[in-house]
Amino acid sequence: MTDDSHSANARDIGAKTVRPNGRFRAGSVEAMRALGGEIQRHRSHIATIFSGEFKSASRGTWLGQFWNVILPLVPISVYLLLVQLRVFPSYDGLDPAVYIGFNVTLWYLMVGLIQRPMTVVKHRIAETMKTALPLSVAIASSFAQLLFDTLVRTILVIVLILFLARWPLVHPLWLVFAVVSATIFCFSIGLILSIFNAVFADVERVTNILLQYGIFVSGVIFPISSMGPLAWLETYNPLAVFLSAIRSSFFFAQVPSALVLCIWSAAGLVLSAIAVRFFYVMERRIRSLV
């Protein structure tokens, strides 16, 4: 082989070694397509991972799969107990059990969309390095458990509505718009924080602390409007805006602050474009930290 051939091969090898950095040139649309393609190609892995985690949660216990139904209901049951003790009055014309049960179900869904990407990336990054399984697949599989937990809580809320409240006046368009907007916004935050948390472990701890206090300033337990000097959070806290919009469009077929909802929804779309590209570009770099 000639020297020219060796030089050409060397250039080819060199080009391949730096190719991973080519992700930096990808746009948001390309990143979204790439991550979506990963999830599509590995959908069987997602089902397998979820099934394994679902079974492992009850392995070695007497009650078995019963725990997968009971555990998601524990957070709501605590607040329902306080309702029975007459700690909370009625809000917005709703029975306190319905009001709090509905809000807590939505809150844990939104919080899960933020927290799970951080947890998955932190604990699975070593595993994905060994198996070459994309981090996007690990995150997607973790949402299967979140959706199951949300379904269990939703069934309980429906039972509460049937016994304690009149049938809701649902506005389907506003309801779908608010739910999708909240999902996009929270998931985008989770993706961005998952990358930072892979480098700085304090990110997850600080986020969890903020979310624990956030339940009290997001209208989950009682309306923000009743909090006096903190009432301004009703507009500037996006989680409170989404929660209020979903609740109002479900029970009263209206959205009290449609303009504010649209503004935060638009912000969520911009944030999602940034988050998807940021995650796509940085995935291989954080995997190299292992």
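For the structure, see preceding data.
Note that the structure is predicted; figures quoted are calculated from it, not measured.

Colleague: Hey, could you go over the overall build of the protein chain for me, with residue numbers and the actual values?
Modeller: Helix and strand content of the protein chain: twelve helices and zero strands. Listing every helix and strand of the protein chain by position from the N terminus yields α-α-α-α-α-α-α-α-α-α-α-α. Residue burial in the protein chain is summarised as follows: out of 290 residues, 43% are buried. For the protein chain, the proportion of contacts with a sequence separation of at least 24, taken over those separated by at least 6, is 76%. Here the protein chain displays about 15,800 Å² of accessible surface, and carbon together with sulfur accounts for 67% of that area.

Colleague: Account for empty space enclosed by the protein, naming residues and giving values.
Modeller: The final tally for this structure, using the stated rule, is two cavities of 30 Å³ or more. The computed volume of the largest cavity comes to approximately 50 Å³. No other element matches helix H6 (residues 96-131), which puts four residues into the lining of the largest cavity. A breakdown of the residues in the lining of the largest cavity according to their chemical character gives seven nonpolar, one polar and no charged. Looking at the second largest cavity, the residues that line it are Leu94, Arg166, Trp167, Pro168, Phe251 and Phe252. Partitioning the lining of the second largest cavity into residue classes produces five nonpolar, no polar and one charged.

So, how was this worked out
- Residues numbered from 1 in each chain as written.
- Predicted model: local features only at pLDDT ≥ 70, side-chain atom pairs only at ≥ 80, totals over all residues.
- Heavy atoms only, no water.
- Helix = DSSP H or I, 4+ residues; strand = E, 2+ residues; numbered from the N terminus.
- Buried < 20%, exposed > 50% of the residue type's maximum accessible area, 1.4 Å probe, protein only.
- Contact = heavy atoms within 4.5 Å.
- Areas by Shrake-Rupley, 256 points an atom, 1.4 Å probe, with all protein chains shown as cover.
- 1 Å grid on protein atoms, 1.4 Å probe; cavity = no way out; pocket = protein on both sides within 12 Å on 5 of 7 lines; lining within 4 Å.
- Points joined across faces, edges and corners; volume = space filled by probe spheres on them.
- Nonpolar A, V, L, I, M, F, W, Y, C, P; charged D, E, K, R; others polar.

No statement about biological role is implied by the geometric values presented.
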